[in-house]
Protein chains: 2
Amino acid sequence: MLSKKTKYGIKALTYLAKQETGVPVSIATISEMENISLKFLESILLTLRKSGLLGSKKGKAGGYYLLKDPKDVKMTMVMRVLEGPIAMVSCVSLNYYEKCADCPDETACAVHHLMIRVRDSNLKIYGETSLADLISY
Amino acid sequence: MLSKKTKYGIKALTYLAKQETGVPVSIATISEMENISLKFLESILLTLRKSGLLGSKKGKAGGYYLLKDPKDVKMTMVMRVLEGPIAMVSCVSLNYYEKCADCPDETACAVHHLMIRVRDSNLKIYGETSLADLISY
DNA sequence: TATTACCCTACTAATTCTATAGGAGTAAAG
DNA sequence: CTTTACTCCTATAGAATTAGTAGGGTAATA
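Right, let's walk through the structure included here. (Residues numbered from 1 in each chain as written. Chains lettered and ligands numbered in written order. Predicted model: local features only at pLDDT ≥ 70, side-chain atom pairs only at ≥ 80, totals over all residues. Heavy atoms only, no water.)

1. Focus on the environment of Lys39 of chain A
- Relative to the helices and strands, Lys39 of chain A resides in helix α3 (residues 38-50).
- Measuring from C-alpha to C-alpha, the distance between Lys39 of chain A and Ala28 of chain A comes to 9.3 Å, with eleven residues separating the pair along the chain. (Helix = DSSP H or I, 4+ residues; strand = E, 2+ residues; numbered from the N terminus.)

2. Here's the deal with the relation of the copies chain B and chain A
- The transformation that overlays chain B on chain A combines an axial shift of 0.0 Å with a rotation of 180°, and the residual RMSD is 0.1 Å. Expressed as an axis order, the relation between the two copies is that of a two-fold axis. For chain B, the minimum C-alpha distance to the rotation axis belongs to Ser121 of chain B and amounts to 3.3 Å.
- Mapped onto chain A, 100% of the interface residues of chain B are again interface residues, and the two copies thus contact each other with one and the same surface. (Least-squares fit on C-alpha atoms with pLDDT ≥ 70 in both. Contact = heavy atoms within 4.5 Å.)

3. Considering the layout of surface pockets
- Looking at the largest pocket, its volume works out to about 460 Å³.
- Met1, Glu83 and Met88 of chain A together with Met1 and Met88 of chain B are, among the 20 residues lining the largest pocket, the residues nearest its centre.
- Those elements that place two or more of their residues in the lining of the largest pocket are α5 (110-128) of chain A together with α5 (110-128) of chain B.
- Residue classes in the lining of the largest pocket are distributed as 14 nonpolar, four polar and two charged. (1 Å grid on protein atoms, 1.4 Å probe; cavity = no way out; pocket = protein on both sides within 12 Å on 5 of 7 lines; lining within 4 Å. Points joined across faces, edges and corners; volume = space filled by probe spheres on them. Nonpolar A, V, L, I, M, F, W, Y, C, P; charged D, E, K, R; others polar.)

4. Describing the environment of Asn35 of chain A
- Relative to the helices and strands, Asn35 of chain A is located in the loop between α2 (27-34) and α3.
- Taking the relative accessible area as the measure of exposure, Asn35 of chain A reaches 43% and is therefore partly exposed.
- Each C-alpha atom, one on Asn35 of chain A and one on Gly52 of chain A, is 24 Å from the other, the two residues being 17 residues apart in sequence.
- What Asn35 of chain A contacts, discounting residues up to four positions off in sequence, is Ile30 of chain A together with Asp102 and Pro104 of chain B. (Buried < 20%, exposed > 50% of the residue type's maximum accessible area, 1.4 Å probe, protein only.)

5. Considering the interface of chain B and chain A
- With 35 residues of chain B at the interface, the matching set in chain A holds 35 residues.
- In total, chain B and chain A occlude about 3300 Å² of area from one another, counting both sides; carbon and sulfur atoms represent 66% of this.
- Remark: the boundary between chain B and chain A carries four salt bridges.
- We note a salt bridge from Lys7 of chain B to Asp102 of chain A, for which the minimum N-O separation is 3.0 Å.
- Across the contact surface, chain B and chain A share eleven residue pairs in polar contact (both at pLDDT 80 or more).
- For the side of chain B that touches chain A, the secondary-structure elements that each account for two or more residues are α1 (4-18), α4 (75-82) and α5 of chain B.
- With eleven residues, α5 of chain B is the largest single contributor of residues to the side of chain B that touches chain A.
- Taken together, the residues of the side of chain B that touches chain A sort by class into 23 nonpolar, seven polar and five charged. (Buried area = accessible area lost by both parts, 1.4 Å probe. Salt bridge = Lys/Arg side-chain N within 4 Å of Asp/Glu carboxyl O. Polar contact = N/O pair within 3.5 Å; in protein donor to acceptor, adjacent residues only side chain to side chain.)

6. Quick look at the pairing of strand β2 (residues 63-66) of chain A
Residues and elements named next belong to chain A.
- Looking at chain direction, strand β1 (residues 54-57) and β2 are connected through four bridges and run antiparallel. Bridge assignment links Gly55 to a residue of β2, and that residue is Tyr65.
- From the end of β1 to the start of β2, which pair antiparallel, there are five residues, and Gly59 there has a positive phi angle of about 75°. (Pairing = 2+ DSSP bridges.)

7. Let's talk about the protein's contact with DNA strand D
- As a structural note, the neighbourhood of DNA strand D is formed by 26 residues, with Lys39 of chain A together with Ile27, Glu42, Ser56 and Tyr64 of chain B the closest of them.
- When atoms of DNA strand D within 4 Å of the protein are sorted by moiety, sugar and phosphate together comprise 63%.
- A distance of 2.2 Å is found between a phosphate oxygen of DNA strand D and a side-chain nitrogen or oxygen belonging to Ser56 of chain B.
- A distance of 2.3 Å separates a phosphate oxygen of DNA strand D from a polar atom in the side chain of Tyr64 of chain B.
- When residues of the surface near DNA strand D are traced back to their parent elements, those giving at least two are α1 (4-18) and α3 of chain A together with α3 (38-50), β1 (54-57) and β2 (63-66) of chain B.
- Per-element tally for the surface near DNA strand D: the top contributor is α3 of chain B, with five residues.
- In terms of residue class, the surface near DNA strand D is made up of six nonpolar, eight polar and twelve charged. (Near = heavy atom within 4 Å.)

8. Focus: the packing of aromatic side chains
Residues and elements named next belong to chain A.
- Taken as a whole and assessed by the stated rule, the structure comprises two aromatic pairs over all chains.
- Taken together, a centroid distance of 5.8 Å and an interplanar angle of 80° make the contact between Tyr8 and Phe40 edge-to-face. Taken together, the residues span a long stretch of sequence, with Tyr8 in helix α1 and Phe40 in helix α3 at a distance of 32 residues. (Phe/Tyr/Trp six-rings, centres within 6.5 Å; stacked < 30°, edge-to-face > 60°.)

9. Structural notes on the protein's contact with DNA strand C
- Around DNA strand C, the structure places 26 residues, and the nearest of them are Ile27, Glu42, Ser56 and Tyr64 of chain A together with Lys39 of chain B.
- Note that a base oxygen of DNA strand C is positioned 2.3 Å from one of the side-chain N or O atoms of Lys39 of chain B.
- Sort the elements by how many residues they give to the surface near DNA strand C and α3 of chain A lands first, with five residues.
- In terms of residue class, the surface near DNA strand C is built from six nonpolar, seven polar and 13 charged.

Structure, rendered in structure tokens:
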């Protein structure tokens, strides 16, 4: 299951992608427009800013804004920041590899092989989908 | 992330798929061979039996066995039983559809569109992979 | 300097995951 | 017919994660 954090994060990002570039939008505005708890959204946007996806402006008329063109924001990046590794088991993770404690031989593990296929297909989708694609509906 | 339950369940199923068909294997044997906590495995196998994937024989020399040919056990079924719906959000689930509370218009929701793609690609993989494929390594 | 809005830490409530406990029931072997 | 070796089933508990809340701090702008 997708976490609410990721779901809300993507909604917020697409909302920002629809705005004029560089114009800050306040947390309160996004919260109202997308029906997201203000405080929860605040922490999500903070995460997105720290990851380099968003910029922010303080004070009156401040808020968050996209740092890149929506075309250049791939869902691979978004998912990794919000949801964590794309792989469903760490033994097939490209960026966060870890050996399974219970598994003596990875190459003989059925789960391993299955999850490599799943990872590759998901990576493909996230890699070829950008924020711009998502707001084109 | 894949739950341990699913991981262990798949390992147990592939272990059974490697045995002579119809010959029961005890929980204890699978537990030792696959390094899975005995009691946890017990509850997993029970789930698999109730779902119709496994049969069991009680008493001495009893145990669990596959009810179908490994070729006919698709991962779609296995994943649904162990991990739950394939869809990452319920608004794109084929079997467990539910409207999102926070989302006024599904067709305009970016998350919805993205998750349909992910669901379809995962369904494809699980649908074309059987237990027989997984033990062929 | 008052206001607006982001920044940050800490905490709590709820849920899910990962088992564990303990016994009841069943079948086969001696 | 009794022992042994299994599955069956319910309940529950500890750990981890998720989801959300509280509250004050800090910077920028008018």
